[in-house]
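# Observations on the three-dimensional arrangement
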Amino acid sequence: PKGVDQQSREAMTNKIAQRLTTLLKGQNMLKGQNMIDAARQIEAKCFDRAKDATEYERKVEKRLAKAAKAFYAQDYTYG
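Described below are features of the structure shown in this document.

## Description of the overall build of the protein chain
Within the protein chain, the regular secondary structure consists of three helices and zero strands. Listing each helix as α and each strand as β along the protein chain from the N terminus yields α-α-α. Expressed as a percentage of the 79 residues in the protein chain, the buried residues total 29%. Residue pairs in contact within the protein chain that sit at least 24 positions apart in sequence constitute 60% of those at least 6 positions apart. Summed over its atoms, the accessible surface of the protein chain is roughly 5800 Å², and 49% of this surface lies on carbon and sulfur atoms.

The following block contains the structure:
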């Protein structure tokens, strides 16, 4: 989308990976490179669907919130 360069995309991928790491702390679901791969997938989907930088960021936040909700629902069910 307009206003999002490669450096911004890399920064967003790192931000997503950090959030996923925090979300899954103490779990053995994703580690190291898998976390980066998951972050890249989330970032790419949001990038492809956004029309501008603001929408891009909003889509990332929405997708992370959705992931957190799914994780906590699963954790509550099985934990």
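We are not done yet, so read on.
## Quick look at helix α1 (residues 6–23)
The terminal C-alpha atoms of α1, which comprises 18 residues, lie 26 Å apart, in line with the 26 Å expected from a rise of 1.5 Å per residue. Within α1, the full set of buried residues consists of R9, M12, T13, I16, A17, L20 and L23. All buried residues of α1 lie within an arc of 140° about the axis, which places them on one face of the element. Of the exposed residues in α1, the ones pointing more than 90 degrees away from its buried face are Q7, Q18 and T22.

## As for the pattern of salt bridges
Considering all chains together, one arrives at six salt bridges under this definition. For the salt bridge of E55 with R58, the shortest nitrogen-to-oxygen distance reads 4.0 Å. You can see E55 and its partner R58 sitting in helix α3 (residues 53–78), three residues apart, about one turn around the helix. Relative accessible area serves as the criterion here: at 13%, E55 is assigned to the buried category. Given the relative accessible area of 52%, R58 is considered exposed.

## Considerations on the nonpolar core
Of all hydrophobic cores here, the largest spans 19 residues; its most connected members are I16, L20, Y56 and V60. Among the elements of the structure, α1, α2 (32–49) and α3 are those that each provide at least two residues to this core. In this structure V60 touches M12, I16 and C46, once residues within four positions along its chain are discounted.

## A word on the packing of aromatic side chains
Tallied over the full model, the rule gives one aromatic pair. Aromatic side chains F47 and Y56 sit 6.0 Å apart centroid to centroid with 90° between the ring planes, which places their arrangement in the edge-to-face category. Geometry around F47 places R9 over its ring, the cationic atom sitting 3.6 Å from the centre.

Conventions and cut-offs
- Residues numbered from 1 in each chain as written.
- Predicted model: local features only at pLDDT ≥ 70, side-chain atom pairs only at ≥ 80, totals over all residues.
- Heavy atoms only, no water.
- Helix = DSSP H or I, 4+ residues; strand = E, 2+ residues; numbered from the N terminus.
- Buried < 20%, exposed > 50% of the residue type's maximum accessible area, 1.4 Å probe, protein only.
- Contact = heavy atoms within 4.5 Å.
- Areas by Shrake-Rupley, 256 points an atom, 1.4 Å probe, with all protein chains shown as cover.
- Expected span 1.5 Å × (residues − 1).
- Arc of directions from axis to C-beta.
- Salt bridge = Lys/Arg side-chain N within 4 Å of Asp/Glu carboxyl O.
- Core = buried A, V, L, I, M, F, W, Y, C linked by side-chain atoms within 4.5 Å.
- Phe/Tyr/Trp six-rings, centres within 6.5 Å; stacked < 30°, edge-to-face > 60°.
- Lys NZ or Arg CZ within 6 Å of the ring centre and 35° of its normal.

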